Amino acid sequence: MANETVIETQEQHDNAPQKENLWNGGQSPFKASYGKLMMWYFLLSDAFTFGGFLLAYGALRFSVKGWPVPDFVFQTAPFGISGAPLIFVTFMTFVLIVSSVTVLRAVQEGKRENQSAVVKWLLATVLGGGLFLGCQAWEWTNLIATEGMTLYTNPFATHIDEGKYLTLDELNGIAKEKGWEKEVVSVESHGKTSEITYFTDAKGNKYFEKRDHHGDLPEKMEIKAGDSYLITYQHDLHDYAVGAYQTADGEVKTEPFGPQAFGALFFFITGFHGFHVFSGLAFLLIIAIQAANGTYVARKNGYEMVEKIGLYWHFVDLVWVFVFLAFYLL
Amino acid sequence: MAHATTREEDIKVGRNGFFILLIVTLAEVAVALIGNGHLIEGLSLPKMIMIPVMIALSLYKAYYITSIFMHLGSEVKPFIATVVLPMLLFIWAIIAFLWEGSAWFNNQEYVNKKNQEQVDPKGEATEGATGMLMNANEAPKQVRFE
């Protein structure tokens, strides 16, 4: 009788799921190495850094009128493509996703201790990251050199007033009426010369006829509140050709510049992210060389270094998901 | 850490992950473009629908990358908690800072209004219940949602 009781208890004991106690010492309670844990906690802290920047973006964006509309600002791509809103940045997101998959394959092959495959997949990741940085560099060059956006000047904005852009004839008439000075400048671009006329009032404000970078008049001269616009940067004049318009009340004004914070936030946050991509590329390259040299073959933790840099690279992709969301989608 | 996987299983994880992330990204961009009238002429979705949808899709991508690509999902539960729980702070942070931005926006209207007013030379500045130089009645109450 007593024996049976003991055996039953024993069986119950064996069949019941054992809750293993990880905190009795002799092992990592999180079943992960120190290096991997510390990489996770570094990424957590970095997530808060980027979170802080994006929160600043949110607060400043909510606080002003006339914030530029993303699909108006970001509608160009290399090879002369324009009028394609968000397409180029979607391509950049695709490149980062591909590089995330290649680094995942590198980590998987590392677990299998497949040295040549690890090097191959790590180098593929470096190529993907390099392509992303190249695209970002093109984006910056386009915004800064062609469209004239800087850290403290933002020519992209959204109309708050209602009215109509003024044609050159109308401006001539108004200038005569108000006694403004007229200046005609001859500029040369793409091999042909053209003239730019502008007027200066008593306070020194300049009034231009509204034309875009190619010298064309806007699609429609009417202005409604909420319409996006870009103040054309006139390269030959080294100045912004602020378009003159007349409000519904008859006031003659020039296009105001957009919120200053836009340029600062965009370049700083994408720059910080780009810096993370760049440092990630440097580490990926170093670890690929180490793997090729056979450093990880002899190590007790094998290819765990590849896993750690894989975590960093996935984090870079993750941050881009939220930068993409905040700047381009919302 | 995890049980040994075959090469085919590994490739499957990578390929599935790629397609899921790609489809979700394209969905987000589609919502943004359709909602703003770029893909279908004249159609525009209300922001109140577009914004939660795009945020939800991005959060799903974040969950997928963190749990499956970074393997956080296969780690020990207490460790997952030490990484995920601090992120809950973002819930407070997002609400607080967007509210703050709205308050700044409303303050602008108040400042502009006051700029237009005539000043009484004998008038004294008094601090109202808000702790700022205005009456509690005049204090902006609206939080802006677009």
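It should be emphasised that the depicted structure is a prediction, and the values quoted were computed from it without experimental measurement.

What counts, and at which threshold
- Residues numbered from 1 in each chain as written.
- Chains lettered and ligands numbered in written order.
- Predicted model: local features only at pLDDT ≥ 70, side-chain atom pairs only at ≥ 80, totals over all residues.
- Contact = placed C-beta atoms within 7 Å.
- Helix = DSSP H or I, 4+ residues; strand = E, 2+ residues; numbered from the N terminus.
- Nonpolar A, V, L, I, M, F, W, Y, C, P; charged D, E, K, R; others polar.
- Expected span 1.5 Å × (residues − 1).
- Buried ≥ 20, exposed ≤ 12 C-beta atoms within 10 Å, placed from the backbone.
- Pairing = 2+ DSSP bridges.
- Axes fitted to C-alpha atoms, helices over the stretch in contact; angles between N-to-C directions.
- Parallel < 35°, antiparallel > 145°, perpendicular 65-115°, else oblique.
- Left-handed = near helix turned anticlockwise from the far one by under 90°.

Visitor: Explain the interface of chain A and chain B to me, please; I cannot follow it from the model alone.
Guide: Many structure descriptions define interface size as the accessible area lost when the parts assemble. Listed per partner, the contact involves 34 residues of chain A and 39 residues of chain B. Elements supplying a minimum of two residues to the side of chain A that touches chain B: helix 2 (34–63), helix 4 (87–111) and helix 8 (304–329) of chain A. No other element matches the 10 residues that helix 2 of chain A contributes to the side of chain A that touches chain B. Class assignment of the residues belonging to the side of chain A that touches chain B gives a composition of 21 nonpolar, eight polar and five charged.

Visitor: How should I be thinking about helix 5 (residues 115–146) of chain A in this particular structure?
Guide: Residues and elements named next belong to chain A. In a regular helix each residue adds 1.5 Å, so 32 residues correspond to 46 Å; helix 5 covers 46 Å between its end C-alpha atoms and thus fits that length. V118, V119, W121, L122, T125, V126, G128, G129, F132, E139 and L143 are the residues of helix 5 that are buried. On its buried side, helix 5 packs onto helix 4, helix 7 (260–293) and helix 8. At the exit of helix 5 stands G148, carrying a positive phi of roughly 75°.

Visitor: Would you explain the pairing of strand 4 (residues 192–200) of chain A in this entry?
Guide: A regular strand carries its side chains on alternate faces of the sheet. Residues and elements named next belong to chain A. In this sheet, strand 5 (residues 206–208) lies alongside strand 4 in antiparallel orientation, the contact comprising three bridges. The residue bridging Y198 from the neighbouring strand is F208, located in strand 5. From the end of strand 4 to the start of strand 5, which pair antiparallel, there are five residues, and G204 there has a positive phi angle of about 95°.

Visitor: Can you help me understand the packing of helix 4 of chain A against helix 8 of chain A in this one?
Guide: If you want to describe how two helices pack, look at the angle between their axes and the distance between the axes. All names here are of chain A. Where helix 4 meets helix 8, the axes come as close as 9 Å, and the angle between the chain directions of the two elements is 160°. Our classification of the angle between helix 4 and helix 8 gives roughly antiparallel. Taken as a pair, helix 4 and helix 8 cross one another with a handedness that is left-handed. Note on element contacts: helix 8 touches helix 4 through V306, E307, G310, W313, H314, D317, W320, F324 and Y328, opposite V89, T93, L96, I97, S100, V103, L104, A106, V107 and G110. In terms of residue class, the contact of helix 4 with helix 8 is made up of 12 nonpolar, five polar and two charged.

Structural measurements only, silent on function.
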